[in-house]
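# Close look at the chain arrangement
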Amino acid sequence: MAQEKRIEYLQRRLRGVIQYAYKHSSAIKNILDSVGLKPRDIQTIKDLEKIPITKKSDLAELQKRNPPFGGFEGVPIHELRRIYVSPGPINEPGEMEYDELGWVQGMYAAGFRPGDIAINTFSYHMVPFGLNMLDNSLQRVGCVTVPTGVGNTEQQVHILRSLKARAFCGTPSFLLNIAEKGVEMGLDLKKDFNLQTGLVAAEMVSESLRSKLEEKFGMIIRQGYGTADIGCLGYECIEKNGMHIPDDKIVEIVDPETGEQLGPGDIGEVVGTTFNKVYPLIRLGTGDLSFLSDRPCPCGRTSPRLVKILGRVDQATKVRGLFVHPWQADEVALKHPQIEKYQVLVTRREHKDEMTFQVELKEEGSQSEKLKEKIERSIRDVMKVRGNVQFVSKGMIPDGAKKIDDQRTWE
Ligand SMILES: [Zn+2]
């Protein structure tokens, strides 16, 4: 679908869901009323900016005040099929007929095909992901599902082997468990298994783990991204080129402070809007940071892509008016292989913010003024804020220390 057509299509569905939700969801009505909006005020994706963002992290509290769904449900409770409970705890209303497209598109893009035997190792208890979203999406693709759920690694190995499952759904770390168990049991992961493709989610897969798993099994692995509340917000295609936004979601990247939409390439919070009438979440702030690309993808899909999930909004810290993020600090450290460990300290002296990179080097005694200057230059390039490097001896930075430690006190 050409870009203008896509926007037209999304806006038509947006108007539909806003009309519907205003009438049927008390929470959405309250949100619009709180800023004096009527459904007719929301005509375009740009108009969404007028609607306050609902933070995912606030859902548990909102539901506690107005159980069981905080008023976000779009149908009476007796019309639900199930109530799911996600960690938080957050309740999710479960529709009679699951008809979202996102995970279906993600599976197809990853190479799932009709007739494939697919093992679904996501939990089937409590949460909506394995049972509702993925199980139904596998059916929609035409796969034959083996609903194993998570755990029982040895049994999973037997199942994969005897059923010759071609497709895998699960977390990358669980697939690694399966690989390790298979090897331990003396199996050849390529010959004894028939895994060709995997859709992984729930945790971001590092490129090193991805290629390790792809190589071990002789399969491809593609990842999807979303939340239990709103479903799929992005999926990778064969090009591994960022995550395409599914056709039944609106995804905005916004300034986390103002809620204003940002353009392609600008880093901000991922905010999702769904057309799901049973659970019509409008502008759900995920708390995740990413940026969009609208450059054409060689796969032929024309939807924009979330290039990468960079971290969490609440882990960012403002230094001299600019956001600094743990992933930026990682990027600085990656540029200098001499660095063994680091921690960024943010302090305040005479009403001025100061940022200090404490650095442990791999080789004790290799500290030099030149290296210090080089790292400081990288800090300026990557983080756009000046910072000082301070070499510390090995063991000074505790294991599991916060990457950015904000030590400022505000009186
Ligand atoms: Zn693509």
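Residues numbered from 1 in each chain as written. Predicted model: local features only at pLDDT ≥ 70, side-chain atom pairs only at ≥ 80, totals over all residues. Heavy atoms only, no water.

Take the coordination of the zinc ion next. At the metal site, the zinc ion is ligated by Cys237 (SG), His244 (NE2), Cys297 (SG) and Cys299 (SG), and these contacts range over 2.1 to 2.3 Å. The coordination sphere of the zinc ion comprises 4 donor atoms, whose angles at the metal cover 106 to 113°; the geometry is tetrahedral. When the donors of the zinc ion are listed by position in the chain, the intervening gaps give C-x6-H-x52-C-x1-C. Residues Cys237 and His244 agree in their burial class; the two are buried. (Donors = N, O, S within 2.8 Å, 3.2 Å for Na, K, Ca; no water. Tetrahedral: all angles 85-135°; square planar, octahedral: opposite > 155°, others 65-115°. Buried < 20%, exposed > 50% of the residue type's maximum accessible area, 1.4 Å probe, protein only.)

Charged atoms that come close allow side chains of opposite charge to pair. Scanning the entire structure with this criterion turns up 25 salt bridges. Lys50 serves as the salt-bridge partner of Asp47, at 3.5 Å between the closest nitrogen and oxygen. Given the relative accessible area of 14%, Asp47 is considered buried. The closest approach of N and O atoms between Lys181 and Glu184, which form a salt bridge, is 3.5 Å. Of this pair, Lys181 and Glu184 are both found in helix α7 (residues 172-184), 3 residues apart, which corresponds to roughly one turn of the helix. With a relative accessible area of 22%, Lys181 lands in the partly exposed category. What emerges from the salt-bridge pattern is a single network uniting Arg348, Asp353, Asp406 and Arg408. (Salt bridge = Lys/Arg side-chain N within 4 Å of Asp/Glu carboxyl O. Helix = DSSP H or I, 4+ residues; strand = E, 2+ residues; numbered from the N terminus.)

Below, the discussion takes up the packing of helix α9 (residues 326-334) against helix α10 (residues 369-383). One can describe the packing of α9 onto α10 by two numbers: an axis separation of 9 Å at closest approach and a directional angle of 140°. Regarding α9 and α10, the two cross each other, and that crossing is right-handed. In contact with Gln328, Ala329, Glu331 and Val332 of α9, α10 contributes Ile375, Ser378, Ile379, Val382 and Met383. Residue composition of the contact of α9 with α10, by class: 6 nonpolar, 2 polar and 1 charged. (Axes fitted to C-alpha atoms, helices over the stretch in contact; angles between N-to-C directions. Left-handed = near helix turned anticlockwise from the far one by under 90°. Contact = heavy atoms within 4.5 Å. Nonpolar A, V, L, I, M, F, W, Y, C, P; charged D, E, K, R; others polar.)

Attention now moves to a positive patch on the surface. Positive charge collects at one region of the surface, where Arg320, Lys352, Lys370, Lys374, Arg377, Arg380 and Arg386 lie side by side. Of all the elements, α10 adds the most residues to the positive patch, at 4 residues. (Patch = residues over 30% accessible without salt bridge, like charges linked within 9 Å, V, L, I, M, F, W, Y side chains within 5 Å. Areas by Shrake-Rupley, 256 points an atom, 1.4 Å probe, with all protein chains shown as cover. Lys, Arg positive; Asp, Glu negative; His and termini not counted. Charge placed at Lys NZ, Arg CZ, Asp CG, Glu CD.)

Between helix α1 (residues 3-24) and helix α2 (residues 26-34), the least distance of the axes is 6 Å, while the angle of their chain directions is 105°. Here α1 is positioned roughly perpendicular relative to α2, judged by the angle of their axes. Each of Ile18, Ala21, Tyr22 and His24 in α1 lies in contact with α2, whose residues at this interface are Ser26, Ile28, Lys29, Leu32 and Asp33. In terms of residue class, the contact of α1 with α2 is built from 5 nonpolar, 2 polar and 2 charged. (Parallel < 35°, antiparallel > 145°, perpendicular 65-115°, else oblique.)

The geometry of an aromatic ring pair is captured by the separation of the ring centres together with the interplanar angle, meaning the angle of the planes. Following the criterion strictly, the structure yields 4 aromatic pairs and no others. On the basis of an interplanar angle of 65° and a centroid distance of 5.0 Å, the ring pair of Trp103 and Phe129 is categorised as edge-to-face. You can see Trp103 sitting in helix α4 (residues 102-109) and its partner Phe129 sitting in helix α5 (residues 128-141), a full 26 residues away along the chain. You'll find Trp103 and Phe129 in the same group, each marked buried. With 5.5 Å between their ring centres and 15° between their planes, Tyr342 and Phe357 make a pair best called stacked. Pair noted here: Tyr342 is in strand β17 (residues 339-349) and Phe357 is in strand β18 (residues 352-361), with a separation of 15 residues, a long-range link. The residues Tyr342 and Phe357 share a single accessibility class, namely buried. An aromatic cluster is defined as three or more aromatic residues linked by ring pairs; in this entry it consists of Trp103, Phe122 and Phe129. (Phe/Tyr/Trp six-rings, centres within 6.5 Å; stacked < 30°, edge-to-face > 60°.)

This part is about the nonpolar core. If you look at the biggest cluster of nonpolar residues, it comprises 36 residues, and the most contacted ones within it are Leu14, Ile18, Ile51, Phe72 and Leu306. Those elements that provide at least two residues to this core are α1, α2, α3 (59-65), β11 (249-254), β13 (284-293) and β14 (305-312). Counting residues per element, this core draws most heavily on α1, which supplies 6 residues. Those residues in contact with Leu14, other than ones at most four positions away along the chain, are Ile42, Thr44, Ile45, Leu48, Ile250, Thr273 and Phe275. Tyr98, Ala109, Cys169 and Ala201 belong to the second-largest nonpolar core, a separate cluster that totals 23 residues. (Core = buried A, V, L, I, M, F, W, Y, C linked by side-chain atoms within 4.5 Å.)

Adjacent strands of a sheet pair through backbone hydrogen bonds, lying either parallel or antiparallel. Taken together, the 4 strands give an open sheet; going across it, the order is β19-β18-β17-β20, and neighbouring strands pair in mixed fashion. Two strands in the sheet have a free side with no partner beyond their single neighbour: β19 (388-391) and β20 (404-406). Taking the axes of each pair of neighbouring strands and ignoring which way they run, one obtains an average angle of 25° across the sheet. Sheet analysis places β17 next to β20, joined by 3 bridges and oriented parallel. Bridge pairing in β20 places Val346 opposite Asp406. Across the sheet, α9 touches β17, β18 and β20, and the angle it forms with β17 is around 130°. Strands β17, β18 and β19 of the sheet are contacted by α10, whose axis makes an angle of about 140° with β19. (Pairing = 2+ DSSP bridges.)

Across the 6 residues of β11, 6 count as buried, placing the element largely inside the fold. Side chains Lys249, Val251 and Ile253 of β11 all project onto a buried face; the interleaved residues Ile250, Glu252 and Val254 project onto the opposite face, where all are buried too. In this structure, β11 lies alongside strand β12 (residues 268-274), joined through 6 bridges in antiparallel fashion. What sits directly across from Ile250, in β12, is Thr273.

Here we come to the side chain of Thr273. Mapped onto the fold, Thr273 is located in strand β12. There is a polar contact of 2.9 Å between the side chain of Thr273 and the backbone nitrogen of Arg283. Excluding residues that lie within four positions of it along the chain, Thr273 makes contacts with Leu14, Leu48, Ile230, Lys249, Ile250, Glu252, Leu281, Ile282 and Arg283. (Polar contact = N/O pair within 3.5 Å; in protein donor to acceptor, adjacent residues only side chain to side chain.)

Interpretation in functional terms is not warranted from these geometric data alone.
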